[in-house]
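Architecture at a glance
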Amino acid sequence: MEFRIFGFSSTAYLMAQLYILLALLYPLALFAMKRSWDKHGRKHFNGTPHASAALLIAFRNEKANLPRLLKNLEKSIPPEGEVIFVDDNSRDGSPEIIHDFLQENRELKWRLLYSPGKGKKRALSAAIGHTRAEIIITTDADCMVSNRWLWALLRPFHEEHVQLVSGPVMTSPGNTFFEQFQQIEWASILLLTQFLFARGQPSMCSAANLAYRKSAFLEVGGYAGNEQHLSGDDEFLLKKIIQRFGADSAIYLNKREVLVKTAPLPHWNLFVQQRIRWASKWKLHGFSPNLLGAALTVALAAIQVGSVSLVFGGNFYRLAFVVFWLTKILGEKWALGNLLKQYKIQPSLLSFIKSSLLHPLYILWVAPLAAMGNFTWKGRTQKAVAARGQ
């Protein structure tokens, strides 16, 4: 039957009922994921890992961030810890900053390498070839870690079946709405990531907070098969490892000491380019939880935006609109707000309201751009043709 915006057709009535049903299901889904988050956070790994470890940091044009990173690592990494920096063809003098630091701190077991190829995957592969460490740890040049981060990330490797450990990443606290929007979105990413790990279907992780056995990396062929993609050094490796060793070989840690903080992006254009880069790799996995999750995210965003049509109906439809958005905002405030509170981050209620309203529009903006596969990041451009390997 035809849907009449100002009428009361059965189709419109069913649509309003659908939104009321979603108003019940969405908070329940958030509750289930938050419950999983809390349960997983209580899990403890006993024992002390005896394997040697090396921290690898591939960087490109990070002159502004490297001084802060070096000071942070000097305080957070034991003096005997192995750290390898790999320059990925920087053009801003970044390697010179590290070179000068190492000249002044010769007692540190840190090294600077220059990537023989192009891209983060080749840079990391080169560094892995220059270390005898049994555990590889990676983070990014724009990140900060805590004094207990390294130790906490290594503890699960005491269990022999564990091949990969992933941890949470969050932007540093900020006061502007855009900075708090990034934190709220990061919280939603972390919540979903941990939930998928807990269900035995891990499909997302971040190289900014990642550790894995070198033997596992070599056994699955490292990044072979996806070197041409600018993004995905983390998720493609995760997929290979769980296919080879099983889903229980990958662990997600959500404890506060494992959190890695990164600087918030300064403007929307850079933010969108980063999200396009992340989302563009979903289709590269083929039909998988990644692609299905992306499709459901876009569908849910479309449904949320479509709820505006209810405003033009009668009182029942307007009530359905209010109930739908009220439960969405309150559910996200409760689940994501409590997650962020664990990391001592408390965005304002107004930021949660704005983020809840803006997020579906942002998803529908990014999705088609990600499907095309074109983006620019750190001075490099990925074209759709290149992404398909043609």
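To be clear, the structure that these remarks concern was listed above.
Residues numbered from 1 in each chain as written. Predicted model: local features only at pLDDT ≥ 70, side-chain atom pairs only at ≥ 80, totals over all residues. Heavy atoms only, no water.

**Considerations on the overall build of the protein chain**
Scanning the protein chain for helices and strands turns up 13 helices and 12 strands. Counting over 390 residues, the protein chain shows a buried share of 52%. The long-range share in the protein chain, meaning contacts at least 24 apart out of those at least 6 apart in sequence, stands at 80%. Just so you have it, the protein chain exposes about 18,400 Å², and 60% of that area is on carbon and sulfur atoms. (Helix = DSSP H or I, 4+ residues; strand = E, 2+ residues; numbered from the N terminus. Buried < 20%, exposed > 50% of the residue type's maximum accessible area, 1.4 Å probe, protein only. Contact = heavy atoms within 4.5 Å. Areas by Shrake-Rupley, 256 points an atom, 1.4 Å probe, with all protein chains shown as cover.)

**Describing unusual backbone geometry**
Outside of glycine, negative phi angles account for most residues, and trans bonds account for most peptide bonds. For Asn61, which is not glycine, the phi torsion reads 55 degrees and is therefore positive. With respect to the element layout, Asn61 can be found in the loop between β1 (53–59) and α2 (66–76). Of the residues examined, Asn61 reaches a relative accessible area of 28% and is grouped as partly exposed. With a phi angle near 60 degrees, Lys344 is a residue other than glycine that sits in the positive phi range. If you trace the backbone, Lys344 turns up in the loop between α11 (315–342) and α12 (349–372).

**Considerations on the sheet that holds strand β9 (residues 250–252)**
Whenever strands of a sheet pair, they do so through backbone hydrogen bonds, lying parallel or antiparallel. The sheet built from seven strands is open, its strands ordered β3-β2-β1-β4-β8-β6-β9 with mixed pairing. Either end of the sheet is taken by a strand with one partner, and the two such strands are β3 (110–114) and β9. In this sheet, adjacent strand axes meet at a mean angle of 20 degrees when their direction is disregarded. With six bridges connecting them, β1 and strand β2 (residues 82–87) associate as parallel partners. Across the sheet, Ile57 pairs through a bridge with Phe85, a residue of β2. Sheet strands in contact with helix α4 (residues 120–128) are β1, β2, β3, β4 (135–138) and β8 (210–213), and its direction is about 150 degrees off that of β1. Those strands touched by helix α6 (residues 177–198) are β6 (164–166) and β9, and its axis lies near 140 degrees from that of β9. (Pairing = 2+ DSSP bridges. Axes fitted to C-alpha atoms, helices over the stretch in contact; angles between N-to-C directions.)

**Quick notes on the pairing of β3**
One ladder, built from five bridges, connects β2 with β3; its direction is parallel. Bridged to Asp87 within β3 is Tyr114. Since β2 and β3 lie parallel, the crossover through helix α3 (residues 94–104) that links them has a hand, and here it is right-handed. (Right-handed = clockwise from strand over helix to strand, strands pointing away.)

**Some words on the environment of Ile20**
Among the structural elements, Ile20 can be located in helix α1 (residues 10–41). Assessed through its relative accessible area of 28%, Ile20 is described here as partly exposed. When the C-alpha positions of Ile20 and Phe324 are compared, they lie 6.0 Å apart, and in sequence the two are 304 residues distant. Not counting chain neighbours up to four residues away, the residues in contact with Ile20 comprise Phe316 and Ala320.

**A short note on the packing of α6 against α11**
Interhelical geometry of α6 versus α11 gives an angle of 95 degrees and a closest axis separation of 9 Å. What the angle tells us is that α6 and α11 run roughly perpendicular. Residues Gln183, Ile184, Ala187, Ser188, Leu190 and Leu191 of α6 touch α11, and the partners they reach there are Ala335, Leu336, Leu339 and Leu340. In terms of residue class, the contact of α6 with α11 is built from eight nonpolar, two polar and no charged. (Parallel < 35°, antiparallel > 145°, perpendicular 65-115°, else oblique. Nonpolar A, V, L, I, M, F, W, Y, C, P; charged D, E, K, R; others polar.)

**Some remarks on the pattern of salt bridges**
Scanning the model with the defined rule gives six salt bridges in all. Asp38 is the salt-bridge partner of Lys34, the closest N and O atoms lying 2.7 Å from each other. Within this pair, Lys34 and its partner Asp38 are both found in helix α1, separated by four residues, close to a single helical turn. On the basis of relative accessibility, which here comes to 31%, the residue Asp38 falls in the partly exposed class. One salt bridge in this structure joins Arg275 and Glu185, with 2.7 Å as the shortest N-O distance. In this pair, Arg275 sits in helix α9 (residues 268–280) while Glu185 sits in helix α6, placing the two residues 90 residues apart along the sequence. Judged by its relative accessible area of 5%, Arg275 falls in the buried class. For Glu185, a relative accessible area of 6% gives the class buried. (Salt bridge = Lys/Arg side-chain N within 4 Å of Asp/Glu carboxyl O.)

**Things to note about the sheet that holds strand β5 (residues 143–144)**
Taken in spatial order, the three strands line up as β5-β10-β7 in an open sheet, and their pairing is mixed. Edge positions in the sheet fall to β5 and β7 (169–171), since each of these pairs with one other strand and no more. Note that β5 and strand β10 (residues 260–262) share two bridges and pair antiparallel. Bridged to Met144 within β10 is Lys261.

**Concerning the environment of Asn65**
Its location among the elements puts Asn65 in the loop between β1 and α2. Each C-alpha atom of the pair Asn65 and Ala263 lies 9.1 Å from the other, and the pair is 198 residues apart in sequence. If sequence neighbours within four positions are ignored, Asn65 has contacts with Ala141 and Asp142.

**Examining the packing of α6 against α12**
Contact geometry of α6 with α12 gives a least axis separation of 10 Å together with a crossing angle of 70 degrees. The orientation of α6 with respect to α12, classified from their angle, is roughly perpendicular. When α6 is examined against α12, the residues Phe177, Gln180, Phe181, Ile184 and Glu185 are found in contact with a partner set consisting of Ser351, Phe352, Lys354, Ser355, Leu358, His359 and Tyr362. The residue makeup of the contact of α6 with α12, split by class, is six nonpolar, four polar and two charged.

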